[in-house]
Amino acid sequence: MKFFIDTANLDQIKEAASLGVLDGVTTNPSLMAKEGIKGEAAVLAHYVAICNLVDGPVSAEVLSTDFEGMVREGEALAKLHKNIVVKIPMIKDGIKAIKYFTDKGIKTNCTLVFSAGQALLAAKAGATMVSPFIGRIDDSNWDGVQLIEQIVQIYENYGFGTEILAASIRSGLHIVQCAEAGADIATCPLSSIEALFKHPLTDIGLAKFLEDSKKMA
Ligand code: G3P
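So, here's what we can say about the structure. (Residues numbered from 1 in each chain as written. Predicted model: local features only at pLDDT ≥ 70, side-chain atom pairs only at ≥ 80, totals over all residues. Heavy atoms only, no water.)

**Some remarks on a negative patch on the surface**
We count it as follows: Like-charged residues are merged into a patch within 9 Å and nonpolar side chains (Val, Leu, Ile, Met, Phe, Trp, Tyr) within 5 Å, provided each residue has over 30% relative accessible area and no salt bridge. Under the convention used here, a 1.4 Å probe and the Shrake-Rupley method define accessible areas, while residue burial counts only the protein chains that appear. Should a side-chain nitrogen of Lys or Arg be within 4 Å of a carboxyl oxygen of Asp or Glu, the pair is scored as a salt bridge. For the purpose of counting charges, residues Lys and Arg are taken to be positive, whereas Asp and Glu are taken to be negative. His and the chain ends are not included. A charged residue contributes its charge at one atom only: NZ of Lys, CZ of Arg, CG of Asp or CD of Glu. Whether a residue is buried, partly exposed or exposed follows from its accessible area with a 1.4 Å probe, protein chains only, as a fraction of its type maximum: under 20%, in between, or over 50%, in that order.
There is a patch of like negative charges on the surface, built from Asp138, Asp143, Glu149 and Glu180. Among the residues examined, glutamate 149 registers a relative accessible area of 43% and is labelled partly exposed.

**Focus: the site of the ligand**
Condition: To be near a molecule or strand, a residue needs just one of its heavy atoms within 4 Å of it. Any pair of nitrogen or oxygen atoms within 3.5 Å is treated as a polar contact; in protein, a donor-acceptor pairing is required on top of that, and neighbouring residues in sequence qualify only through side-chain atoms on both sides. The rule is simple: put a 1 Å grid over the protein atoms alone, call a set of points where a 1.4 Å probe fits but cannot get out a cavity, call an open set with protein on both sides within 12 Å along at least five of seven lines a pocket, and count a residue as lining if it has an atom within 4 Å of a point. The way we define it, a molecule is inside a pocket or cavity when more than half of its atoms are within 2 Å of that pocket's grid points. Each residue receives one of three labels: charged for Asp, Glu, Lys and Arg, nonpolar for Ala, Val, Leu, Ile, Met, Phe, Trp, Tyr, Cys and Pro, and polar for the others, Gly being one of them.
Every residue close to the ligand is listed here: Asp6, Asn28, Lys87, Phe133, Arg136, Ala167, Ser168 and Arg170. The separation between an oxygen atom of the ligand and a polar side-chain atom of aspartate 6 is 2.5 Å. Relative to its unbound accessible area of 310 Å², the ligand is 81% covered by the protein chains. Comparing atom positions with the cavity grids shows the ligand to sit within the largest pocket. Taken together, the residues of the shell around the ligand sort by class into two nonpolar, two polar and four charged.

**Points about the sheet that holds strand E6 (residues 129–132)**
Filter applied, for reference: In short, DSSP must find at least two bridges between two strands for them to pair. Only DSSP runs of H or I covering at least 4 residues are called helices, and only runs of E covering at least 2 are called strands; the numbering of each starts at the N terminus. For helices, the fitted line uses only the C-alpha atoms of the stretch in contact; every axis is such a line through C-alpha atoms, and the angle between N-to-C directions lies from 0 to 180 degrees. Contacts between residues were defined by any pair of non-hydrogen atoms, one from each residue, lying within 4.5 Å.
Ordered by their spatial adjacency, eight strands build a closed barrel running E1-E2-E3-E4-E5-E6-E7-E8, and the pairing between neighbours is parallel. Going from strand to strand, the sheet's axes swing by 30° on average, the running direction of each strand aside. Note: strand E1 (residues 2–6) against strand E2 (residues 24–26), three bridges, orientation parallel. Following the sheet pairing, aspartate 6 is matched in E2 by threonine 26. Of the strands in this sheet, strand E3 (58–61) and strand E4 (84–89) touch helix H4 (residues 67–80), which is tilted by about 160° from E4.

**Some points on the layout of surface pockets**
Convention followed: Grid points are joined across faces, edges and corners, and a volume is the space filled by probe spheres set on the points.
Counted as a void, the largest pocket has a volume near 370 Å³. Every residue lining the largest pocket is counted, 24 residues in all, and those nearest its centre are Asp6, Asn28, Leu31, Ser168 and Pro189. Those elements giving two or more residues to the lining of the largest pocket turn out to be helix H2 (29–34) and strand E8 (185–188). By residue class, the composition of the lining of the largest pocket is nine nonpolar, nine polar and six charged. The calculated volume of the second largest pocket comes to roughly 300 Å³. If you trace the second largest pocket, you find 15 residues lining it, with Glu40, Val43, Glu61, Leu63 and Glu73 closest to the centre. Going through the elements one at a time, H2, helix H3 (40–51) and H4 are the ones with two or more residues in the lining of the second largest pocket.

Any functional reading would require information beyond the geometric quantities listed.
So this is what it looks like as C-alpha cells:
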C-alpha cells in the first residue's frame, strides 16, 4: 500500500518524507488556499516546490469545470514536472477530459468520488487513480470503507488498472481499514500517518527495556 500525504504544507511534506515511507502527495484547492497560495504563478511554483520534495506522484487539481478549460489547465500542469498527476473532478466533462489525457499518456486522478458507479466511470475513462472520499462519506452517516471494498471488487472483476486512492482519511484506523479492503493508496493528513506509530504497550515496553538496560552498564 502506498502512502501519500494530503496537504500543500511544505513543512508537513518534508516531515512525512523524512519518515522514509512517503510515496506521493495530493493537494486540492482548499489545501492550497489554506497555505495562502494566491495567483496562477504562485500556484504553479508551489506545485514545483512540492515535486522537488517528494519523488512520487503529486496531484494538482484543475479549477475549470468545462472540457476545454480542464484540458488547457491540465496540459499546463503536466508540463510543470514529470511527477504531476492532473486531478479532475467527477463530472461529465471531467470524464471526457480524463479520457483525453489517458489517450495522451498524461496521468490523472479522478476526485470527488462518492459512489461505485462514479469509480466505474473513472476506470472506464482510464483514470490513473480514483479518489473515493471516505471520511466525508462517514460524515454523512454512510460507510466510506465499504465503498472502498465495493470498488476493489469491481476493479478486480474486470481487471481495471486504475489505482484506488482512499482519500478524506480521518485516522490511523481508516488507513488500516483501507489496507484491509485492498486500497492501493491512502492519502492522509500527517496526523493519521503518525497515529500508526502509537501503541501504549510500545511506550511501556520501551521504557522497561531502557530501565533494564541500566543493569547492563
Ligand atoms: O484531497 C481530497 C480529500 O482527501 C479531502 O479530505 O478531509 O477535506 O474531506 P477532507
